[in-house]
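One letter stands for each residue in the lines below.
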Amino acid sequence: MSDFIAAYSWENIRYLLQGLLVTIEVSVISIIFSFIIGAILGLTRYIKVKRLSAIVGFVIDLIRNLPLLLILFFVYFGLANVGIRLSIFWSATLAMTVFESAMLAEIIRSGIQAVEPGQMEGARANGLTYWQGLRVIVLPQALKKMIPPLVSQFISLIKDTSLATIIVLPELLYHAQLVYGQNTNYVIPMFVALAVMYFVVCYALSLVSRYLERRLAR
Amino acid sequence: MITIFTENWQALLTGLGYTLFSSILALFFSLIIGSFFAILEEMPYRILKIIARIYIEVFRNIPLLVVAMFFYVVVPMYVTNINGFTAGTIGLTIYTSAFIAETVRAGIQAVDPGQMEGARSNGLTFMQAMFHIILPQAFKYVIPPLGNQFINLVKNSSVLAFVAGFDLMYQGDIIASTTFDTINTYIIIGVLYLIITMPLSYYMRHLEKKLS
């Protein structure tokens, strides 16, 4: 018990919180970029541009079927080999963005496809152009359907950020490892703290998602 | 790129074997544990529902790597000596079981409630009805998401590289650090992962279309 009290000194907790902040920074920057790229890719697949959509679809499938850890290694160690050196922070962010863009593209595409085709037909029949129909009628409805899977993807992104500990990104898991590396009595307290911190952030997000789902269903 | 493969094919295939072995073990055990918690949540007792809910929510909201590291670092220190492969596979199993529990529960709920009522009014106990009537029917709904879980498992098993689990990613890491040709090594590793995951994901998509 005394281990717990000593392990949770303000200094250690502050150090963990600094790690959590990096975790959240990487996740938030990645999700913003991924949403933009994912929306472009998802729309490209939805509007079926000749050849381009098929190629984009194939690349998305490739990325989705690779382990994120491999993409992370590729960006950090692989690109360095051909002369592209990124900082640890931006390597992690880039790897997450590449992976999440592919994930979000699929979510966005299936969200748009879930909107009844009659909506677009009705919009066109009322004199709207294809783009107007997409922007004013289809996308707002699709966004409603996308929110729950988008939030759960964001949760898994936060969890996946822990993988970047392998390229020594100073995030939550890495900081916890440094703390228990100095004193082995702190191992269990640190794992408890890790579990609690990740759980609080991710579970809070899942509650938000559930609330939005209920709100938007009305 | 070809020389990396020809010179290290044994290590690469060993890694692929460990990756598949770990994924299959984890799928098998997480199906058992996941179904257990799914049934627990469907039981007509509040306390059991709460226990199941806590288990599922906790392991869904903690990174896999933290769970795997726990078994790699804490268990050998305080309980018993286990190797990285075992620790990683246990971590994978527990993490995945929370997701599979949700899948199985959705499957159970997709079965018409009349089936349970009919079984109970014919004199079966809750457990008998669950095992003989509900679960066999629920299984149909569970198959496609289970396939997707397996794809996730193959990808997620790359965390074994953190705990010296001899998997494909671990072997790739060693080859990359001995040959210094990181980019080509990782391309080969990527192709090997895709050989397993791509056909499976296309097949699962086909299966989902066929069933719906």
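The name that an unreviewed UniProt entry assigns to chain B is Glutamine transport system permease, with the source organism given as Dellaglioa algida DSM 15638. According to the UniProt record, the Subcellular location (unreviewed entry) comment for chain B reads "Cell membrane". Under the UniProt heading Sequence similarities (unreviewed entry), the entry covering chain B gives this text: "Belongs to the binding-protein-dependent transport system permease family."

If you check an unreviewed UniProt entry, chain A appears there as Glutamine ABC transporter membrane protein from Dellaglioa algida DSM 15638. UniProt annotates chain A under Sequence similarities (unreviewed entry) with the comment "Belongs to the binding-protein-dependent transport system permease family."

So, about helix 4 (residues 68-81) of chain A. The periodicity of an α-helix, 3.6 residues per turn, causes residues three or four places apart in sequence to face the same way. Look at helix 4 of chain A: 19 Å from first C-alpha to last across 14 residues, which is about the 20 Å you get at 1.5 Å a residue. In the structure, helix 4 of chain A departs most strongly from a straight axis at F74 of chain A, where the bend amounts to approximately 35°. By the criterion of burial, helix 4 of chain A is predominantly enclosed, with ten of the 14 residues buried. Among all positions of helix 4 of chain A, only L68, L69, L70, I71, L72, F73, F74, V75, Y76 and G78 of chain A are buried. In the core, the buried residues of helix 4 of chain A are packed alongside helix 5 (88-113) and helix 7 (130-160) of chain A together with helix 7 (168-179) and helix 8 (182-211) of chain B. Positive phi appears at G83 of chain A, one or two residues downstream of helix 4 of chain A, with a value of about 95°.

Of all hydrophobic cores here, the largest spans 112 residues; its most connected members are L70, I71 and L72 of chain A together with A68 of chain B. When residues in this core are grouped by element, the largest group, twelve residues, is from helix 5 of chain A. Filtering out sequence-adjacent residues up to four positions away, L72 of chain A remains in contact with A92, A95, L163, A164 and I167 of chain A.

What follows deals with helix 2 (residues 46-60) of chain B. Residue and element names in this part refer to chain B. Here helix 2 is 15 residues long and its end C-alpha atoms lie 21 Å apart, about the 21 Å a rise of 1.5 Å per residue gives. Along helix 2, the residues that are buried comprise A52, Y55, I56, F59 and R60. Taken down its axis, helix 2 places every buried residue within 120° of arc, on the same side. Helix 2 presents R46, I47, I50 and I54 as exposed residues on the side facing more than 90 degrees away from its buried surface. Contacts from the buried residues of helix 2 go to helix 1 (2-42), helix 3 (64-78) and helix 4 (84-110).

Before going further, it helps to examine the UniProt feature "domain: ABC transmembrane type-1" (unreviewed entry) in chain B. UniProt records the feature "domain: ABC transmembrane type-1" (unreviewed entry) for residues 16-204 of chain B in the present numbering. End C-alpha to end C-alpha, residues 16-204 of chain B measures 21 Å, and it is 84% helix and 0% strand.

Quick notes on the rules
- All residue numbers here refer to positions counted from 1 along the written sequence of the relevant chain.
- Lettering of chains starts at A and numbering of ligands starts at 1, both following the order in which they are written.
- At least 70 in pLDDT is required for a residue's local features to be given in this predicted model, at least 80 for side-chain atom pairs to be given and counted, and no such filter applies to totals for whole chains, interfaces and linings, which use all residues.
- UniProt positions are given in the numbering used here, feature names are shortened, and annotations may be inferred rather than shown by experiment.
- Comment: elements are numbered from the N terminus, with helices defined as DSSP H or I runs of at least four residues and strands as E runs of at least two.
- A helix is expected to reach a length of 1.5 Å times the quantity of its residues less one.
- Bend at a given residue is defined as the angle between two axes, one fitted to the seven residues that end at that position and one fitted to the seven that begin there.
- Partly exposed residues are those falling between the two cut-offs: more than 12 but fewer than 20 other C-beta atoms within 10 Å of their own, whereas 20 or more means buried and 12 or fewer means exposed, with C-beta atoms placed from the backbone.
- Contact between two residues is assigned when their C-beta atoms, built from the backbone, lie within 7 Å.
- Remark: nonpolar core denotes a set of buried Ala, Val, Leu, Ile, Met, Phe, Trp, Tyr and Cys residues whose joining runs through C-beta atoms within 7 Å.
- Taken from the helix axis, the directions to the C-beta atoms give the arc we talk about.

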